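Structural characterization, general
As a plain string of letters, each chain reads:
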Amino acid sequence: SRQVGLENGVSFRKKEEHIMEPNITAGIDEHFSELQDPRLERSRLHKLIDILVIAICAVICGADTWEDVAAFGKAKQTWFAGFLELPNGIPSHDTFTRVFNRLDPVQFQRCFMQWINAVSELIQGQVIAIDGKLLRRSHDRGIGKAAIAMVSAWANSNHLVLGQIKVNDKSNEITAIPQLLAALEISGCIVTIDANGCQTEIADTVIEQEADYVLSLKENQGRLYEDVKLLFDDLESSAYTAYTYDHARTVDKGHGRIEIRECGTISDPAVLRHLRGFENWRNLHTVSRIRAERRIGDETSCEDRYHIASVCGAKPILSAVRFHWGIENQLHWVLDIAFDEDHHRLRKEHGPENFALLRHIALNLLKQEQSLKRSIKGKRLVAGWNEDYLLKVLAGFGSLV
């Protein structure tokens, strides 16, 4: 057989019977070439690239366990044989388990981020939301192992997972977030993080990456929070004459409710320099209050949220805070609903972390495939039924828009 061309980022080989088969391994070889096989050479009955391709395809099509992955491979063995070597057939579920339990998750993650950096271009000024998620069923009470937490970066405009990192067992998100940020290409973007990540070290890391930040401010930053809250209380009590400020407002209606968000910002350095701890925050140019009012029937609720930011203007800050919830609605919620992540029971070694990355690979590919107008869950079903559609999804290894 010989390679005859490129279509949608996937190269093809022409066989004697004139059937066009995909050379899917080209893209994965290119972006995951640094991934080291954890097995002893003499015990390698199956190629690592074959194992990786089968696992990615299986997770795209609905596999939730290593048993599912192996069963999918066997069901599609004839199709896989068209472009994989499969020297000893389809690996068993024990082989998938052993390989992904031992595969270095740091290397796997690095390859993932190299792929994203190579095939996508971040939109300047877009929001990069950083947030953590607990893999609830990854605990093992028998050996006293707690469930693992993953911190992910989500590009709101590109609709891509940019990277993830596991929170160390004896640590928290505060130490994981700077490591993730340092590995990302986020120049020119706005990074949003909830109150757990409102730390001076994290703000420093964002600025060093030539990006901006909007950080949620709560009582964990006691004196700074108190001062910012008092600042806006004074502004309100003075009928908004005490300080120079900017204002933006949005109104959303739907599902029987009305949501009104009003954002006020203060960016006067002569005012901000009196905040306790102000000098510790690099490029702190703005403090903001967002008043969120929700009306459902005759009931009304109201909540004030405070932020610190390196950008100025009420409109961009209000927009960034709203876009931050994209990581909940478009990533975490989808992982729970379409991938049933919270019910996965993988617990051994690096298995939970590596399977989580397989889900992120699958989600990125499924979100970028736009020809089929169905939910992520619906796309997974169609990919499992239709090999031609699965090829369209896999084309994302060559190009993500």
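In this report, we go over the structure that sits alongside the text. For clarity, every value in this text was computed on a predicted model and none was experimentally measured. (Residues numbered from 1 in each chain as written. Predicted model: local features only at pLDDT ≥ 70, side-chain atom pairs only at ≥ 80, totals over all residues. Heavy atoms only, no water.)

Overview of empty space enclosed by the protein
- Counted according to the given criterion, the structure contains two cavities of 30 Å³ or more.
- Considered as a void within the structure, the second largest cavity measures approximately 50 Å³ in volume.
- Taken together, Lys133, Leu135, Met150, Ser152, Gln164, His332, Leu335, Glu341, Ala356 and His360 make up the lining of the second largest cavity.
- Of all the elements in the fold, those that place two or more residues in the lining of the second largest cavity are β5 (149-155), α12 (326-337) and α13 (351-368).
- Across the lining of the second largest cavity, the residue classes tally to four nonpolar, four polar and two charged. (1 Å grid on protein atoms, 1.4 Å probe; cavity = no way out; pocket = protein on both sides within 12 Å on 5 of 7 lines; lining within 4 Å. Points joined across faces, edges and corners; volume = space filled by probe spheres on them. Helix = DSSP H or I, 4+ residues; strand = E, 2+ residues; numbered from the N terminus. Nonpolar A, V, L, I, M, F, W, Y, C, P; charged D, E, K, R; others polar.)

A closer look at α12
- Inspection of α12 places Gly326, Ile327, Leu331, His332, Val334 and Leu335 among the buried residues, and these make up the whole buried set. Buried residues along α12 cover an arc of 155° about the axis, so they all sit on one side. Every exposed residue of α12 that faces more than 90 degrees away from the buried side is listed here: Asn329 and Trp333.
- Elements that come into contact with the buried residues of α12 comprise β4 (127-134), β5, β6 (160-166), α11 (314-324), α13 and α14 (376-385). (Buried < 20%, exposed > 50% of the residue type's maximum accessible area, 1.4 Å probe, protein only. Arc of directions from axis to C-beta. Contact = heavy atoms within 4.5 Å.)

What to know about the side chain of Lys379
- Residue position: Lys379 is located in helix α14.
- Contacts of Lys379, omitting those with residues within four sequence positions, involve Leu366, Lys367, Glu369, Leu372, Arg374 and Tyr389.

A closer look at the packing of aromatic side chains
- Taken as a whole, this structure holds twelve aromatic pairs when the rule is applied.
- Arranged with centres 5.9 Å apart and planes meeting at 65°, the rings of Phe80 and Phe83 form a pair that is edge-to-face. Taken individually, Phe80 and Phe83 each receive the classification buried, so the pair is uniform in this respect.
- Aromatic rings pair up to connect Phe32, Trp66, Phe100, Phe108 and Phe355 into one cluster. (Phe/Tyr/Trp six-rings, centres within 6.5 Å; stacked < 30°, edge-to-face > 60°.)

Some thoughts on the pattern of salt bridges
- On inspection of all chains with the given rule, the structure shows 21 salt bridges.
- In this structure, Asp64 engages Arg380 in a salt bridge whose closest nitrogen and oxygen atoms are separated by 4.0 Å. Here the residue Asp64 occupies a position in the loop between α2 (48-60) and α3 (66-75), and Arg380 occupies one in helix α14, the gap between them amounting to 316 residues.
- Residues Glu303 and Arg305 are paired through a salt bridge, measuring 3.3 Å at the closest nitrogen-oxygen approach.
- Given a relative accessible area of 41%, Glu303 falls into the partly exposed group.
- Salt bridges sharing common partners tie together Asp252, Arg257, Glu259, Arg261, Arg294 and Arg322. (Salt bridge = Lys/Arg side-chain N within 4 Å of Asp/Glu carboxyl O.)

A word on the side chain of Ser216
- Structurally, Ser216 is set in strand β8 (residues 212-217).
- Setting aside anything within four residues of it in sequence, one finds Ser216 in contact with Ile193, Asp194, Ala195, Cys198, Tyr306 and His307.

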